[in-house]
Amino acid sequence: MTSPENRRPGTGRRAHRDRHGRGLRGRLVPATVPLARTKAEIFDDLVLDTVETLERRFAKELAGVEFAVEDVPPDLNVYDSDVLEDGEVPLARLLPGRPGRQEVPPRIVLYRRPLEFRAMDREDLADLVHDVIIEQVANLLGVDPDELA
């Protein structure tokens with residue numbers, strides 16, 4: 001261990017090196033390579049693609065709507081009618097807004113892990129995310145999902 005007298009002047013702590021005297025390693029995969037993207041980032045991009053397409057067509061209707069992604073649904077015994085389920089597993093939830101003094105905008109929440117589990121590949125996941133968002137937006141606007149697709 002280096003004593004305080006042997007340290008470089010101006011540094012409060014010793015530079016971190018591994019046991020072979022080399023410095024810290026850089027990234028193993030450059031950020032520009034697709035491998036550097038996490039599943040969550042890829043999923044977020046799929047959601048954004050669908051939402052941007054819908055917002056171009058229905059800008060006025062979707063002006064105050066928030067879209068969110070959560071990894072897993074909350075652990076509840078019974079889900080309300082605002083939850084889109086596949087069997088017993090929630091895939092998405094529509095939280096209607098509350099007008100008034102403390103206005104809460106409508107919010108559509110997608111649950112990433114259950115949707116990923118049901119998809120065979122990335123294209124299938126993109127289609128599933130698109131269908132779920134279309135169904136939730138149709139519920140919010142009170143229209144048939146076929147009108148939005």
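Heads up: the structure comes first, above all this text.
Being a predicted model, the structure only gives us computed values, none of them experimental.

Participant: Would you explain the overall build of the protein chain in this entry?
Facilitator: What the protein chain contains, in helices and strands, is 4 helices and 4 strands. Along the protein chain, helices (α) and strands (β) appear in the sequence α-β-β-β-β-α-α-α when read from the amino end. Counting across all 149 residues of the protein chain, residues that qualify as buried make up 26%. Considering only residue pairs separated by 6 or more positions, the protein chain has 52% of its internal contacts joining residues 24 or more positions apart. Element-wise, carbon and sulfur atoms account for 49% of the exposed surface of the protein chain, whose accessible area totals about 11,100 Å².

Participant: Mind showing me how you'd approach the nonpolar core here?
Facilitator: Burial of nonpolar side chains together is a common tendency in soluble globular proteins. One finds L110, V129 and I133 to be the most contacted residues of the largest nonpolar core, which totals 24 residues. Counting residues per element, this core draws most heavily on helix α3 (residues 122–141), at 7 residues. When near neighbours in sequence (up to four residues on either side) are disregarded, I133 contacts V47, T50, V51, L54, F67 and L110.

Participant: Mind showing me how you'd approach helix α1 (residues 39–57) here?
Facilitator: In this model α1 runs 28 Å from its N-terminal to its C-terminal C-alpha over 19 residues, within 8% of the 27 Å that 1.5 Å per residue would give. The complete set of buried residues in α1 reads F43, L46, V47, T50, V51 and L54. Summarising the axial view, the buried residues of α1 lie within an arc of 125°, below the 170-degree limit, and thus occupy one face. Among the structural elements, β1 (66–70), β4 (107–111), α2 (112–118), α3 and α4 (145–148) are those in contact with the buried residues of α1.

Participant: Just checking my understanding: could you explain α3 for this structure?
Facilitator: Note: α-helices contain 3.6 residues per turn, so residues at a spacing of three or four share the same orientation. Taking 1.5 Å of rise per residue, 20 residues should cover 28 Å, and α3 covers 28 Å from first to last C-alpha, within 8% of that figure. The distance from a side-chain oxygen at the start of α3 to the backbone nitrogen of E123 is 3.4 Å, and the residue carrying that oxygen is D121. Looking one or two places after α3, you find G142, whose phi comes out positive at around 75°.

Participant: Help me understand the sheet that holds β1 in this model?
Facilitator: Working definition: the strands of a sheet are paired by backbone hydrogen bonds and lie parallel or antiparallel to each other. Across the sheet, which stays open at both edges, the 4 strands sit in the order β1-β4-β3-β2 with mixed pairing between neighbours. Both outer strands of the open sheet, β1 and β2 (83–86), are each paired with one neighbouring strand and no more. Strand-to-strand, the axes of this sheet are offset by a mean angle of 15°, without reference to chain direction. Where α3 meets the sheet, it contacts β1, β2, β3 (89–95) and β4, and its direction lies at approximately 40° from that of β3.

Participant: Help me understand the side chain of R112, please; the structure alone is not making it clear to me.
Facilitator: Inspection of the secondary structure puts R112 in helix α2. Since its relative accessible area comes to 10%, R112 is described here as buried. A distance of 3.0 Å separates polar atoms of two side chains, one belonging to R112 and the other to D71. Those residues in contact with R112, other than ones at most four positions away along the chain, are K39, A40, F43, V69, E70 and D71.

Calculation notes
- Residues numbered from 1 in each chain as written.
- Predicted model: local features only at pLDDT ≥ 70, side-chain atom pairs only at ≥ 80, totals over all residues.
- Heavy atoms only, no water.
- Helix = DSSP H or I, 4+ residues; strand = E, 2+ residues; numbered from the N terminus.
- Buried < 20%, exposed > 50% of the residue type's maximum accessible area, 1.4 Å probe, protein only.
- Contact = heavy atoms within 4.5 Å.
- Areas by Shrake-Rupley, 256 points an atom, 1.4 Å probe, with all protein chains shown as cover.
- Core = buried A, V, L, I, M, F, W, Y, C linked by side-chain atoms within 4.5 Å.
- Expected span 1.5 Å × (residues − 1).
- Arc of directions from axis to C-beta.
- Polar contact = N/O pair within 3.5 Å; in protein donor to acceptor, adjacent residues only side chain to side chain.
- Pairing = 2+ DSSP bridges.
- Axes fitted to C-alpha atoms, helices over the stretch in contact; angles between N-to-C directions.

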